Amino acid sequence: SCRAVIFDLDGVLTDTAIYHFYAWKALADKLGIAFDEHDNEQLKGVDRLGSLRWILQKGGVSLSSADESRLMQQKNAHYLQLIDHITPDNLYPGVQPLFTALRQSGIKIGLASASKNAAFVVERLGIAAQFDYIADANKVINSKPDPEVFLLAAKGLGVAPPHCIGVEDAQAGIEAINRAGMKAIAIGDAAVLNGALKIYPDVAAITLTDLLNV
Ligand code: BG6
Ligand code: MG
């Protein structure tokens, strides 16, 4: 039975994915490396260093770790500037009703994000207080598809993994949920996402009954 639902943040609860893309694109342009929206699909769910290294590799560039740190800092400063306007209006439709239904059913709500900005973003979305536990990139060593961030969330919630459902929009995230021994629900396109028990176009399409029957 379902005792907790653990959500990814970027691309599931809000569309910050586009701002990550703009910021990486600006950096890639500066480095003279071609980078488009299709490339960006590969970076969903991938942490900051992993994303930078993916872009550098595409450009056939390898840098010292000091240079990598400097570029990550630049990208993040730009990203923070781009998301500066985020308000509760940026919460995807359907999120609040689903959270309310979960709360009323006594099902715990967790977050498992690859972003170091997760706490800031959920604060700005106005939903921070609704999470029973937040696991993010600041609290783990291994990035998705490693299950660490989902396992940490389950531990923080006090719910055993088989009683948890994970909700993800990234292939790396679905893999992380499965490796954590949880049930995976995907948000997005069935043509590109594999390994989930169910797939929905967006959070608004998920009902409490669906979750109880997974
Ligand atoms: C993930 C996003 O949630 O977080 C990625 O899908 C992003 O696009 C990653 O790169 C890391 O985010 P941050 O905020 O720590 O740079
Ligand atoms: Mg995501």
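Residues numbered from 1 in each chain as written. Chains lettered and ligands numbered in written order. Predicted model: local features only at pLDDT ≥ 70, side-chain atom pairs only at ≥ 80, totals over all residues. Heavy atoms only, no water.

Peer 1: Is there a simple way to think about the sheet that holds strand β6 (residues 198–200) in this case?
Peer 2: Spatial ordering of the open sheet is given by β3-β2-β1-β4-β5-β6, a layout of six strands whose pairing is parallel. Edge positions in the sheet fall to β3 (133–135) and β6, since each of these pairs with one other strand and no more. Taking the axes of each pair of neighbouring strands and ignoring which way they run, one obtains an average angle of 20 degrees across the sheet. As defined by bridge partners, strand β1 (residues 4–7) adjoins strand β2 (residues 108–112) across four bridges and the pair is classed as parallel. Within the sheet, the bridge partner assigned to A4 lies in β2 and is K108. (Pairing = 2+ DSSP bridges. Helix = DSSP H or I, 4+ residues; strand = E, 2+ residues; numbered from the N terminus. Axes fitted to C-alpha atoms, helices over the stretch in contact; angles between N-to-C directions.)

Peer 1: Mind showing me how you'd approach the side chain of K144 here?
Peer 2: The residue K144 is located in the loop between β3 and α7 (148–157) in this model. With a relative accessible area of 5%, K144 lands in the buried category. A distance of 3.0 Å separates the side chain of K144 from the backbone oxygen of A112, its partner in a polar contact. Side-chain polar atoms of K144 contact the side chain of E168, separated by 2.7 Å. What K144 contacts, discounting residues up to four positions off in sequence, is D8, G45, A112, S113, A114, V149, F150, E168, A172, G173 and A176. (Buried < 20%, exposed > 50% of the residue type's maximum accessible area, 1.4 Å probe, protein only. Polar contact = N/O pair within 3.5 Å; in protein donor to acceptor, adjacent residues only side chain to side chain. Contact = heavy atoms within 4.5 Å.)

Peer 1: Explain helix α5 (residues 95–104) here, please?
Peer 2: Within an α-helix, residues lying three or four positions from one another point in the same direction, as the helix has 3.6 residues per turn. Among all positions in α5, only V95, L98, F99, A101 and L102 are buried. For α5, the angular spread of buried residues about the axis comes to 165 degrees, placing them on one side. Away from the buried face of α5 by more than 90 degrees, exposed residues P97 and Q104 are located. Residues of α5 that are buried make contact with β1, β2 and α9 (208–213). Directly after α5, the chain includes G106, whose backbone phi takes a positive value near 75 degrees. (Arc of directions from axis to C-beta.)

Peer 1: Hey, could you run me through the coordination of the magnesium ion (ligand 2) in this one?
Peer 2: Ideal donor angles around a metal are set by the shape: a four-donor tetrahedron calls for 109.5 degrees, a six-donor octahedron for 90 or 180 degrees. Coordination of the magnesium ion (ligand 2) by the protein involves D8 (OD), D10 (O) and D169 (OD), with metal-donor separations of 2.0 to 2.1 Å. Among the residues examined, D169 registers a relative accessible area of 9% and is labelled buried. (Donors = N, O, S within 2.8 Å, 3.2 Å for Na, K, Ca; no water.)

Peer 1: What's the story with the environment of E68 in this structure? I'm lost.
Peer 2: For E68, the location among the structural elements is in helix α4 (residues 65–82). Counting along the chain gives 27 residues from E68 to E41, while the straight-line C-alpha distance between them is 21 Å.

Peer 1: Help me out: how do you make sense of the site of ligand 1 in this one?
Peer 2: Around ligand 1 there are 14 residues in total, and D10, R48, S115, K116 and N117 lie nearest to it. Between ligand 1 and the protein, one listed contact pairs an oxygen atom with a side-chain N or O atom of D10 at 2.7 Å. For ligand 1, the protein covers 95% of the area, taking 390 Å² as the surface of the free molecule. Its atoms largely coinciding with the cavity grid, ligand 1 occupies the largest pocket. Contributing elements (two or more residues each) for the shell around ligand 1: α1 (17–31) and α3 (48–58). Its residues assigned to classes, the shell around ligand 1 comprises four nonpolar, five polar and five charged. (Near = heavy atom within 4 Å. Areas by Shrake-Rupley, 256 points an atom, 1.4 Å probe, with all protein chains shown as cover. 1 Å grid on protein atoms, 1.4 Å probe; cavity = no way out; pocket = protein on both sides within 12 Å on 5 of 7 lines; lining within 4 Å. Sits in = over half its atoms within 2 Å of the grid points. Nonpolar A, V, L, I, M, F, W, Y, C, P; charged D, E, K, R; others polar.)

Peer 1: It is not clear to me how the state of the cysteines should be interpreted in this structure. Could you clarify?
Peer 2: Between two cysteines, a covalent bond joining their sulfur atoms is known as a disulfide. For the structure shown, the criterion picks out zero disulfides. Here C2 stays free of any disulfide, with the sulfur of C164 as its closest cysteine sulfur at 7.9 Å. In this structure C2 comes out as buried when scored by relative accessible area, which is 13%. Residue C164 is classed as buried on the basis of its relative accessible area of 0%. (Disulfide = S-S within 2.5 Å.)

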